[in-house]
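As a plain string of letters, each chain reads:
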Amino acid sequence: MVSTPIGNLRDITLRALDVLAGADLVLAEDTRVTRRLLDAYEIDARLQSYHDHNGEKIRPIVLERLEEGARIALVSDAGTPLISDPGFKLARDVIEAGYEVIAIPGASAVLSALCIAGLPTDSFTFAGFPPPKTSARESWMEGFATAKSTLVFYEGASRVPDCLASAARIFGDRQGAVCRELTKLHEEARRGTLAELAAEFAQSGAPRGEVVIVIGPPSDDSWDQDRIDKALAIALAEMRIKDASALVAEQSGWPRRDVYARALALKDASR
């Protein structure tokens, strides 16, 4: 499993070059992308496409080649294989067949974004890509709302403004960073609260290039159930259950469904 550059071709490792040059077969997500990398280092390797659509057909062929003693390398278009890229099923099948899987470490957009985001790195959760539609995306985000770690995920550039708006609604006033075009000429990191970032991208529009979004953990000023109940009691005195729950969820970072359940319980107890 060979990591490749996420932008700057100089980020390839010497070990990766040795492995690719000595491979009998290189499996590539997009052979055109990988060919440009190999040509840059004058490596004449045999390429075979491997992606989600042809994986079921290619995996048995890979196992046959391994049985013959072939040395096979897997690369994705950029970064570390298997990280939101094809490869898990191949690794699983190769391991189950009794062959060795070796990681050739290197560039990773997740780690690069964490390095420049300016947010805690002692504990983080990589969550992949969020769903594209608003309702599904916000439900997905609510599943991470009570996590105490920094959250890292990928997003398509065109969906960044909508994604940040959802993040501001679900996670409240946390710090965040939008990291774009990592290791490339126009590398950029915009930092601020999620509300500030959402407003900034709503005005400027979708960015260009590859994007990693990093969201900081909840502040130490944590919201336990007692504090949630007190905030709900105040809000329910002036608002409907739905509106009070939405307000307290935004303030606290709790999932809205959990706050709504507490609001219903408080209403029932007061009757």
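Below you will find a few notes about this structure. This one's a predicted model, so the numbers in the text were calculated from it and none came from an experiment.

1. Re the sheet that holds strand 5 (residues 150–155)
Within a sheet, each strand pairs with its neighbour through backbone hydrogen bonds, oriented either parallel or antiparallel.
Inference 1: Within the open sheet, the five strands sit side by side as 4-5-8-6-7. Their pairing is mixed. With one partner strand each, in any of the chains shown, strand 4 (124–126) and strand 7 (188–193) form the two edges of the open sheet. Going across the sheet, the axis of each strand differs from the next one's by a mean of 20°, ignoring polarity.
Inference 2: In this sheet, strand 7 lies alongside strand 6 (residues 175–180) in antiparallel orientation, the contact comprising six bridges. Following the sheet pairing, Gly176 is matched in strand 7 by Gly192.
Inference 3: Seen against the sheet, helix 7 (residues 160–171) touches strand 5, strand 6 and strand 8 (211–215) and runs at an angle of roughly 10° to strand 8.
Inference 4: Together, strand 6, strand 7 and strand 8 form the strand contacts of helix 8 (residues 194–204), whose direction differs from that of strand 7 by roughly 125°.

2. Observations concerning the side chain of Ser245
Inference 1: Along the chain, Ser245 falls in helix 10 (residues 241–252).
Inference 2: Engagement of the side chain of Ser245 in a polar contact is seen with the backbone oxygen of Ile241, the distance being 2.8 Å.
Inference 3: Setting aside residues no more than four positions away along its own chain, Ser245 makes contact with Leu232, Val259, Tyr260 and Ala263.

3. Here's the deal with the nonpolar core
Inference 1: Core analysis: the largest hydrophobic core is formed by 22 residues, its most contacted members being Met141, Phe153, Leu164, Phe171, Val178, Ile213 and Ile215.
Inference 2: Elements with a minimum of two residues in this core: helix 6 (134–142), strand 5, helix 7, helix 8 and strand 8.
Inference 3: Tallying contributions element by element places helix 7 first for this core, with seven residues.
Inference 4: Not counting the four nearest positions on each side in its chain, Leu164 is found in contact with Val178, Leu194, Leu197, Ala198, Phe201 and Ile213.

4. Points about the packing of aromatic side chains
Inference 1: Here the structure, examined in full by the defined rule, presents four aromatic pairs.
Inference 2: Taking the centre distance of 5.1 Å and the plane angle of 65° together, the rings of Trp140 and Phe144 count as edge-to-face.
Inference 3: Residue classification places Phe144 among the partly exposed positions, given a relative accessible area of 23%.
Inference 4: In textbook terms, an aromatic cluster arises when at least three aromatic residues are bridged by ring pairs, as seen for Phe126, Phe129 and Tyr154.

Calculation rules
Residues numbered from 1 in each chain as written. Predicted model: local features only at pLDDT ≥ 70, side-chain atom pairs only at ≥ 80, totals over all residues. Heavy atoms only, no water. Pairing = 2+ DSSP bridges. Helix = DSSP H or I, 4+ residues; strand = E, 2+ residues; numbered from the N terminus. Axes fitted to C-alpha atoms, helices over the stretch in contact; angles between N-to-C directions. Contact = heavy atoms within 4.5 Å. Polar contact = N/O pair within 3.5 Å; in protein donor to acceptor, adjacent residues only side chain to side chain. Core = buried A, V, L, I, M, F, W, Y, C linked by side-chain atoms within 4.5 Å. Buried < 20%, exposed > 50% of the residue type's maximum accessible area, 1.4 Å probe, protein only. Phe/Tyr/Trp six-rings, centres within 6.5 Å; stacked < 30°, edge-to-face > 60°.

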